[in-house]
Amino acid sequence: MNSNIENINLQIATLRNQIVNHKVYSQISGLPELRIFMEYHIYAVWDFMSLLKSLQINLTSTTLPWFPVGNAKTRQLINEIVAGEESDLDEKGDIKSHFELYLDAMEQVGANTQPIRTFIRSLQLGKTFAEAYEIAGVPLAAQHFMDSTFSIIKENKNHVTASAFTFGREDLIPNMFHSIINDLNSANPDQITIFKYYLDRHIEVDGDHHSHLALEMISELCGIDEKAWQEASAIAKTALQQRIDLWDGVLDEISELNSISTL
């Protein structure tokens, strides 16, 4: 492995451990808690695609007339990741993006998809993020998470965006959570099968093949530029802290739910 990649992994190890061992996972004991988790997580699934498309726009040719852009290897890497994320197969074998697959999983489990749909529709109608947040009632923790993501995108530095994409999003869901979902799926037949498929697919594609491609992309973009590697490391820490803060928001709402249920 690239020594610079190893150095970043060492620097972010503590933050990664905080995410993997976050208390929120152990608090998901039934469908009500899972619904809350998904109603927050969907915003991270959505803006992950914006990070990805930002990289595709900058690293490949997406305008006419066509011209070759940048490094051919980097183009190949980003296009392969886009194809897998934007047009994968769902549990029935139909072609869907991972975001659309997650929405299907939310609907099956009974989570509320109206806020995320309203949020996206508001943006499509030309509303600002602040306006869309208010119209849709987006949770504050999710607002902060997306604001951080789009501030990274606006920097318009490919190695910075790629670092947030790679270190801030891949391989962050612990095995414990998969065990919880398996147990919930056994106890609630036909309500969690799509989400279980989504998680299994995430391990198969995102957590393995795509993570290797993303690391190759980081190495290509940073090259031998020491400053670029330093910026990549800094933004990796920022992205991970934002995930911790998002999970804190989920935990607070689950705790509130549980305190009400015990009254």
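Residues numbered from 1 in each chain as written. Predicted model: local features only at pLDDT ≥ 70, side-chain atom pairs only at ≥ 80, totals over all residues. Heavy atoms only, no water.

Some details on the overall build of the protein
Then step 1. Looking only at helices and strands, one finds 13 helices and two strands in the protein.
Then step 2. Over its C-alpha trace the protein gives a radius of gyration of 19 Å, about what one expects of a compact globule, namely 18 Å for 263 residues.
Then step 3. Counting only C-alpha atoms, the protein reaches 60 × 40 × 35 Å along its principal axes.
Then step 4. For the protein, the residues scored as buried account for 50% of the 263 residues in total.
Then step 5. Entry remark: accessible area of the protein is about 12400 Å², with carbon and sulfur atoms responsible for 52%.
Then step 6. A gap of 4 Å separates the mean positions of the 19 positive and 36 negative side-chain charges of the protein. (Helix = DSSP H or I, 4+ residues; strand = E, 2+ residues; numbered from the N terminus. Rg over C-alpha atoms; globule rule 2.2 N^0.38 Å. Buried < 20%, exposed > 50% of the residue type's maximum accessible area, 1.4 Å probe, protein only. Areas by Shrake-Rupley, 256 points an atom, 1.4 Å probe, with all protein chains shown as cover. Lys, Arg positive; Asp, Glu negative; His and termini not counted. Charge placed at Lys NZ, Arg CZ, Asp CG, Glu CD.)

A short note on unusual backbone geometry
Then step 1. Look at the link from L64 to P65: it is a cis peptide, with omega at -10°.
Then step 2. Within the secondary structure, P65 sits in the loop between helix 4 (31–59) and helix 5 (72–86).
Then step 3. Positive phi, normally seen in glycine, also occurs at D190, with a value near 70°.
Then step 4. Relative to the helices and strands, D190 is located in the loop between helix 11 (175–187) and helix 12 (193–222).
Then step 5. Judged by its relative accessible area of 62%, D190 falls in the exposed class.

Points about a negative patch on the surface
Then step 1. Taken together, the side chains of D245, D248, D252, E253 and E256 define an acidic patch exposed on the protein surface.
Then step 2. Looking at the element boundaries, E256 is found in helix 13 (residues 226–261). (Patch = residues over 30% accessible without salt bridge, like charges linked within 9 Å, V, L, I, M, F, W, Y side chains within 5 Å. Salt bridge = Lys/Arg side-chain N within 4 Å of Asp/Glu carboxyl O.)

Notes on helix 8 (residues 129–136)
Then step 1. Within the span of helix 8, buried status applies to A132, Y133 and A136. For helix 8, the buried positions fall inside an angular range of 105° around the axis, keeping them on one side. Every exposed residue of helix 8 that faces more than 90 degrees away from the buried side is listed here: A130 and E134.
Then step 2. Along its buried surface, helix 8 packs onto helix 7 (114–124) and helix 9 (140–155).
Then step 3. Where helix 8 terminates, the next one or two residues include G137, which has phi positive at roughly 65°. (Arc of directions from axis to C-beta. Contact = heavy atoms within 4.5 Å.)

Here we look at the packing of helix 4 against helix 5
Then step 1. Orientation of helix 4 relative to helix 5, taken along the N-to-C sense of each, is 145°, at an axis distance of 10 Å. Handedness of the helix 4/helix 5 crossing: left-handed. Taking contact as the criterion, the partners of F48, M49, L52, K53, L55, Q56 and L59 in helix 4 are, on helix 5, T74, R75, I78, N79, I81, V82, E85 and E86. (Axes fitted to C-alpha atoms, helices over the stretch in contact; angles between N-to-C directions. Left-handed = near helix turned anticlockwise from the far one by under 90°.)

Focus on the pattern of salt bridges
Then step 1. One pass over the structure, following the stated rule, counts nine salt bridges.
Then step 2. A salt bridge links D104 to K96; the nearest nitrogen and oxygen atoms lie 2.3 Å apart.
Then step 3. Here R117 and E107 are joined by a salt bridge, their closest N and O atoms 2.7 Å apart. Here E107 lies in helix 6 (residues 98–109) and R117 lies in helix 7, a separation of ten residues in the sequence.
Then step 4. Classification of R117 as partly exposed rests on a relative accessible area of 31%.
Then step 5. We classify E107 as partly exposed; its relative accessible area is 45%.

Some remarks on the side chain of S148
Then step 1. Tracing the sequence through the fold places S148 in helix 9.
Then step 2. The buried category is assigned to S148, whose relative accessible area is 11%.
Then step 3. Once residues within four sequence positions are removed from consideration, S148 is found in contact with T238 and Q242.

Description of the environment of Y43
Then step 1. Inspection of the secondary structure puts Y43 in helix 4.
Then step 2. A relative accessible area of 2% means that Y43 is categorised as buried.
Then step 3. Not counting chain neighbours up to four residues away, the residues in contact with Y43 comprise P115, I116, F119, V138, P139, A142 and M146.

Quick notes on the packing of helix 4 against helix 9
Then step 1. Orientation of helix 4 relative to helix 9, taken along the N-to-C sense of each, is 5°, at an axis distance of 10 Å. Relative to helix 9, the element helix 4 is oriented roughly parallel. Counting all contacts with helix 4, which are made through Y40, Y43, A44, W46, D47, S50, L51 and S54, the residues of helix 9 involved are A141, A142, F145, M146, T149, F150 and I153.
Then step 2. Of the residues belonging to the contact of helix 4 with helix 9, the class tally is eleven nonpolar, three polar and one charged. (Parallel < 35°, antiparallel > 145°, perpendicular 65-115°, else oblique. Nonpolar A, V, L, I, M, F, W, Y, C, P; charged D, E, K, R; others polar.)

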